[in-house]
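# Inside the fold
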Amino acid sequence: MCMYGGHSSALCSALTAYTAACQDALGKVESWRTNSFCPASCMDNSHYEVCATGCSQTCHGLTEPKACEGTPCIESCICDEGFVLSDGECVAMEQCGCSYEGRYYQLGQEFFLQDKCQQRCECKENGRVQCNDAFTCKPNEKCQVLNGVQGCFPESKAVCSVSGFGLYQSFDGKSFTVEGDCEYRLAESAQDKDKDMSYFSVLVKQQSSSEIVLTRRVEIQIEQSTITLLPGHIWEVQVDNVKTNLPVTVDEGLAQVYQSGVNIVVETDFGLKLTYDTVSMAKIEIPSTFKNAVKGLCGNYNGNSADDFLLPGGIQTSSVVDFAEAWVSPSDKMMCQTICGSKCLNPDKDKQTEAETSCSMLIAEKGPFSSCYEKIPPQKFFDECVKDVAAQPNDKTVHCRHIQRYVASCQEIGMSVNIWRSNTFCPLECSANSHYELCADTCSSTCASLTNSQNCPPCQEGCQCDDGFLFDGGECKTLQDCGCNVDGKFYKSGETVIQGECKEKCLCKAGVFSCEPLNCDADQICDIKEGVTGCYKKDLCSNYKCREQEYCTVKDNNALCVAKSKASCIAKGDPHYKTFDGNHFSFQGTCSYTLVKTTGKDQTLTPFSIVNKNEMQKGGRGSYVKSATVTVRGHDITFIQGNRNHVTIDGTVSNLPVNLNSEGINITKSGTTGVLQTDFGLEVMFNWANTLMVTLSSSYYNNIVGMCGTYSNDLQDDYVTPSGNSMTDITEWARSWSVPESNSNCWHFPPCSDDKKLLYSGQSYCGLLENVTGPFAQCHDIISKRRFAADCLFQMCLNDGSQNAFCRAFNNYVSSCALVKADVSPEWKKLANC
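A short tour of the structure in this document, coming up. Everything numeric in this text was worked out from a predicted model, so none of it was measured. (Residues numbered from 1 in each chain as written. Predicted model: local features only at pLDDT ≥ 70, side-chain atom pairs only at ≥ 80, totals over all residues. Heavy atoms only, no water.)

## Focus on the overall build of the protein
The number of helices and strands found in the protein is 10 helices and 55 strands. Across its three principal directions, the C-alpha atoms of the protein cover 110 × 70 × 65 Å. Taking all 834 residues of the protein together, 44% fall into the buried category. Across the protein, contacts joining residues at least 24 apart in sequence account for 50% of those joining residues at least 6 apart. If you sum the accessible surface of the protein, you get close to 42100 Å²; carbon and sulfur atoms cover 48% of it. Side-chain charges in the protein split into 70 positive and 100 negative, and the spacing between the mean points of these groups amounts to 8 Å. (Helix = DSSP H or I, 4+ residues; strand = E, 2+ residues; numbered from the N terminus. Buried < 20%, exposed > 50% of the residue type's maximum accessible area, 1.4 Å probe, protein only. Contact = heavy atoms within 4.5 Å. Areas by Shrake-Rupley, 256 points an atom, 1.4 Å probe, with all protein chains shown as cover. Lys, Arg positive; Asp, Glu negative; His and termini not counted. Charge placed at Lys NZ, Arg CZ, Asp CG, Glu CD.)

## Here's the deal with helix H4 (residues 379-391)
An ideal rise of 1.5 Å per residue puts 18 Å on 13 residues; H4 measures up with 18 Å between its terminal C-alpha atoms. Those residues of H4 not exposed but buried are Phe381, Phe382, Glu384, Cys385, Val386, Asp388, Val389, Ala390 and Ala391. (Expected span 1.5 Å × (residues − 1).)

## A word on the state of the cysteines
Inspection of the entire model under this criterion finds 28 disulfides. Each sulfur in the disulfide pair Cys160 and Cys298 lies 1.9 Å from the other. Between Cys160 and Cys298, the disulfide has an S-S torsion of -80 degrees and is therefore left-handed. Residue Cys160 is found in strand S12 (residues 157-163), and its partner Cys298 is found in the loop between strand S26 (294-295) and helix H2 (320-326); the two are separated by 138 residues along the sequence. (Disulfide = S-S within 2.5 Å.)

## Examining the sheet that holds strand S8 (residues 120-123)
If you trace the 3 strands from one edge of the open sheet to the other, you get S7-S8-S9, paired in antiparallel fashion. A single partner strand is all that each edge strand has here, and the edge strands are strand S7 (110-112) and strand S9 (129-132). The average angle at which neighbouring strand axes cross in this sheet is 30 degrees, direction not considered. Across 3 bridges, S7 lies against S8 in antiparallel orientation. Paired with Phe112 across the two strands is Arg120, which belongs to S8. (Pairing = 2+ DSSP bridges. Axes fitted to C-alpha atoms, helices over the stretch in contact; angles between N-to-C directions.)

## Observations concerning the environment of Val675
The residue Val675 is located in strand S51 (residues 673-678) in this model. Taking the C-alpha atoms as reference points, Val675 and Tyr813, 138 residues apart in sequence, are found 37 Å from one another. Contact partners of Val675, with chain neighbours within four places excluded, come to Asn666, Ile667, Thr668, Ser670, Glu683, Val684 and Met685.

## Overview of the side chain of Gln404
Within the element layout of this structure, Gln404 appears in helix H5 (residues 398-412). There is a polar contact of 2.9 Å between the side chain of Gln404 and the side chain of Arg421. Not counting residues up to four positions away in its chain, the partners in contact with Gln404 are Val262, Asp277, Trp420, Arg421 and Glu461. (Polar contact = N/O pair within 3.5 Å; in protein donor to acceptor, adjacent residues only side chain to side chain.)

## Considering the side chain of Ser170
Looking at the secondary structure, you find Ser170 in the loop between strand S13 (167-169) and strand S14 (175-177). By relative accessible area, Ser170 is classed as buried at 1%. For Ser170, the contacting residues outside a window of four places in its chain are Val159, Cys160, Leu297, Cys298, Gly299 and Asp308.

## Re the packing of H4 against H5
At a minimum axis distance of 9 Å, the contact between H4 and H5 shows a crossing angle of 160 degrees. Overall, the two elements H4 and H5 adopt an arrangement that is roughly antiparallel. As H4 runs across H5, the sense of the crossing is right-handed. Side by side, H4 and H5 meet where Phe381, Glu384, Cys385, Asp388 and Val389 of the first sit next to Val398, His399, His402, Arg405, Tyr406 and Ser409 of the second. Across the contact of H4 with H5, the residue classes tally to 5 nonpolar, 3 polar and 3 charged. (Parallel < 35°, antiparallel > 145°, perpendicular 65-115°, else oblique. Left-handed = near helix turned anticlockwise from the far one by under 90°. Nonpolar A, V, L, I, M, F, W, Y, C, P; charged D, E, K, R; others polar.)

## Overview of the packing of aromatic side chains
Applying the stated criterion to the full structure yields 32 aromatic pairs. Ring centres 5.0 Å apart and planes at 70 degrees place the aromatic pair Phe381 and Tyr406 in the edge-to-face group. Linking Phe381 in helix H4 with Tyr406 in helix H5, this pair joins segments that are 25 residues apart in sequence. Note on Phe381: relative accessible area 7%, which makes it buried. Judged by centre distance (6.4 Å) and plane angle (40 degrees), the rings of Phe608 and Phe680 are tilted. A residue pair is termed long-range when its members are at least 10 positions apart, and Phe608 in strand S44 (residues 608-616) and Phe680 in the loop between S51 and strand S52 (682-686) qualify at 72 residues. Phe680 matches Phe608 in its accessibility class, with the two residues each being buried. Aromatic rings pair up to connect Tyr760, Tyr765, Phe776, Phe806, Phe810 and Trp828 into one cluster. When the ring centre of Phe309 is taken as reference, the NZ or CZ atom of Lys174 above it lies at 4.8 Å. Over the ring of Phe381 we find Lys380, and its NZ or CZ is 4.4 Å from the ring centre. (Phe/Tyr/Trp six-rings, centres within 6.5 Å; stacked < 30°, edge-to-face > 60°. Lys NZ or Arg CZ within 6 Å of the ring centre and 35° of its normal.)

## Concerning the pairing of strand S48 (residues 652-655)
For strand S47 (residues 646-649) and S48, the ladder comprises 4 bridges, and the chain directions are antiparallel. Paired with Ile649 across the strands is Thr652, a residue of S48.

## Quick word on the environment of Ser586
Among the secondary structure elements, Ser586 is positioned in strand S42 (residues 584-586). Its relative accessible area of 33% is what places Ser586 among the partly exposed residues. Separated by 145 residues in sequence, Ser586 and Thr731 have C-alpha atoms that sit 9.5 Å apart.

## Focus: the pattern of salt bridges
Under the criterion given, the structure shown has 22 salt bridges. For Glu285, the salt bridge goes to Lys283, with nearest N and O atoms at 3.6 Å. The exposure classification of Glu285 matches that of Lys283, with both residues buried. Members of the salt-bridge network, linked through shared partners, are Lys157, Lys273, Lys283, Glu285 and Glu412. (Salt bridge = Lys/Arg side-chain N within 4 Å of Asp/Glu carboxyl O.)

## Examining the nonpolar core
In terms of nonpolar packing, the biggest core is built from 52 residues, with Phe171, Leu186, Ile227, Leu229 and Ile284 touching the most fellow members. In this structure Leu186 touches Cys160, Val162, Tyr168, Val202, Leu203, Val204, Ile284, Lys295, Gly296, Leu297 and Cys298, once residues within four positions along its chain are discounted. Listed in part, the 49 residues of the second largest apolar core include Val647, Ile665, Ile667 and Met707. (Core = buried A, V, L, I, M, F, W, Y, C linked by side-chain atoms within 4.5 Å.)

## Considerations on the packing of helix H3 (residues 352-359) against H4
Two numbers describe how H3 lies on H4: the axes approach to 8 Å, and their chain directions differ by 130 degrees. Judged by the inter-axis angle, H3 sits oblique to H4. Seen from above, H3 lies across H4 with right-handed handedness. Of the residues in H4, those touching H3 at Gln352, Ala355, Glu356 and Cys359 are Phe382, Cys385, Val386, Val389 and Ala390.

## Re unusual backbone geometry
Residue Pro247 follows Leu246 across a cis peptide bond; omega there is 0 degrees. As for its placement among the helices and strands, Pro247 is situated in the loop between strand S20 (242-245) and strand S21 (248-250). Cis geometry marks the peptide bond from Leu656 to Pro657; its omega dihedral reads 5 degrees. A positive phi angle, near 45 degrees, is found at Cys38, a position not held by glycine. Along the chain, Cys38 falls in the loop between helix H1 (8-24) and strand S1 (46-52). Backbone geometry at Arg633 places phi at a positive 50 degrees, although glycine is not the residue there.

## Notes on a negative patch on the surface
A contiguous patch of negative charge on the surface is contributed by Asp44, Asp87, Glu89, Glu223, Asp240, Asp251, Glu252 and Asp269. Among the secondary structure elements, Asp269 is positioned in the loop between strand S23 (263-268) and strand S24 (273-276). (Patch = residues over 30% accessible without salt bridge, like charges linked within 9 Å, V, L, I, M, F, W, Y side chains within 5 Å.)

## Considering the pairing of strand S22 (residues 255-260)
Burial analysis of S22 places 5 of its 6 residues in the buried class, which makes it a mostly covered element. The pairing of S21 with S22 spans 3 bridges and is antiparallel. Looking at S22, one finds that Val248 is bridged to Val257. The loop that links S21 with its antiparallel partner S22 comprises 4 residues; one of these, Asp251, has a positive phi angle of about 50 degrees. With 6 bridges connecting them, S22 and S23 associate as antiparallel partners. Bridge pairing in S23 links Val257 to Val266. Hairpin connection of S22 to S23: 2 residues between the antiparallel strands, including Gly261 at a positive phi of 65 degrees.

Pasting the structure below:
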């Protein structure tokens, strides 16, 4: 007790040993443990007894062995009535396993009797063993002995990483840069590939706290649990939004989360390992059993870096912007930017030499890491370091984090490195009662390790507690001030926590964890705020109902609904459209069409409609947006192409700016663009040339229709007609949104006789694209042939059968096929005469 400063773990150990000695001497010991004093921790389907039989019933032998008769009792956890021990677990008798060739196996357990895993056996019901004599390991697995068990284990692993201002490297080694402030789907299991595969998803979001240091949040979802790692938080994560000290066991061993030197590590029971430096760098390692069964920014892990830019729908893209945009988390899609705009961190060429000097330690021939070069070549780390340092000249610690990442990689595989930090180069600040060490122990020198032993990874550089102190969360405490380890979670000494649905209030004090009943007051609710469960005062928003994509806030003592986000629809060029939900399509009709219109489903929303008029370009290559009319609050407001700095309101032309203050509408000029802004979440921008953009707050989520789609975050329901029917033919769908107009010569599809349409749709022209035995057949399953055939027919009618237009349409399809590595027979040029 003196050595442990009176900590309860020492007292409990001493009393446990004394109890065993008394019982061995046939002395009687009364029940002495309580829920708060040295509580017994028993497994499922078992209970504690102070005087239990020394030989419990087991599946292997349901009767007490003769050697146990008359032996003294011992304090122990014993199985409940109707349950027996099966390899250390209490199971119902009908769940007992199998005895086979002198060994016991649990029900459902698979085991191998021969080398090379050629005979796999499984323990079935009623003690029956079934063996498969022609078994082979799955692809990407090999037979080996691991931790004393023979089996099929992953043959290798792959690493994906993100660092700095947006430097990514995929599992297959492709390097690329993604900026913006979106939450990205970094990697997730593709469960459609293998239903037995464990589910995981890793999300990352840039979360800069200042202009100088760029930070990144990481979130990992494993089965039903979510673990959030936040920048600046060491020795702490959030598990299902609740602040949790490290180390912690999640979901009965599904994942272990612990501090390892300067990094936080999440390890799962299916081989995934996530390492986070608590600033901006994250690394995911996955075993080869996930080959070709993952998706996201980290790629598909199939050994081919050339096809890593795979979109969720299975289509390849060559654009990193389109690739990044496609993997934005659905919850973030409407409120973020995948491009950095004015905040872009472009590497400064003038800073290149300075950056190389800062990072040079990584590749120094006789530097502190030279013994690791053979195992982990440093060039990639150096290149990323230089690029990142040059891009962030204001952050004087960028190079330190890149060097730190290389050091961690070396130490992780057991390679030694020499001292590299100093008081003037990348010093590491440590909290009170601790100091920096190149080989710090953040595993066995913790308060949690007093009562819970664990396998410790190789040491990593970081902060080490001074002699006489142990890690208690992120602080170094003396033994007597150590906290409590309860059900896989660690609580600091002096920490008060409210458990579950606010039914218990518990206090950890010097290793003793005691709880008392709790009920929230009538004017309180049980909630989680800033990661802490507690009874919180009901606010005006607690029963205030907002729309689906709004949240409630209190302002001037009133509850107020605020839109969570916004989304934009764009008509650009000749013209190409992008809907609110992200669908892209082209349509060349020259009539007037309803771009956006409120459905009227929610009568409390301000109704409006926007009609755009298209017109034929000179030269006949396609149409463009001629005008846009916004009808709102009794006014028709029209922007007309070429009529710069002017807007037509109810038939009268006005110079900008115009303020309709009573209606909450302002129309101004921003650079070369006219901007209409409202007080209800609608914004319209037109550059009087070729680009029209409509931006809506999420208050209108699922309440609009038109050629901009339904704003429902569902790509599948954008193409609905005014009557609510879905259509796949873009021309017919657009026709349904046309509005009456004065120009009787307008068309939705270029004038074309039925005979010509039949001719151009035949095998000598556009029909060749759809021929199931033609030169494009191998591309049909990957790239939709129908849309390209329709575009081909459109161009042929528009250009009166021009061979140039025909070949241009075919070349577009060939280019799309090439992007996804789909074969197209070179015969197409001869057949199409291109």
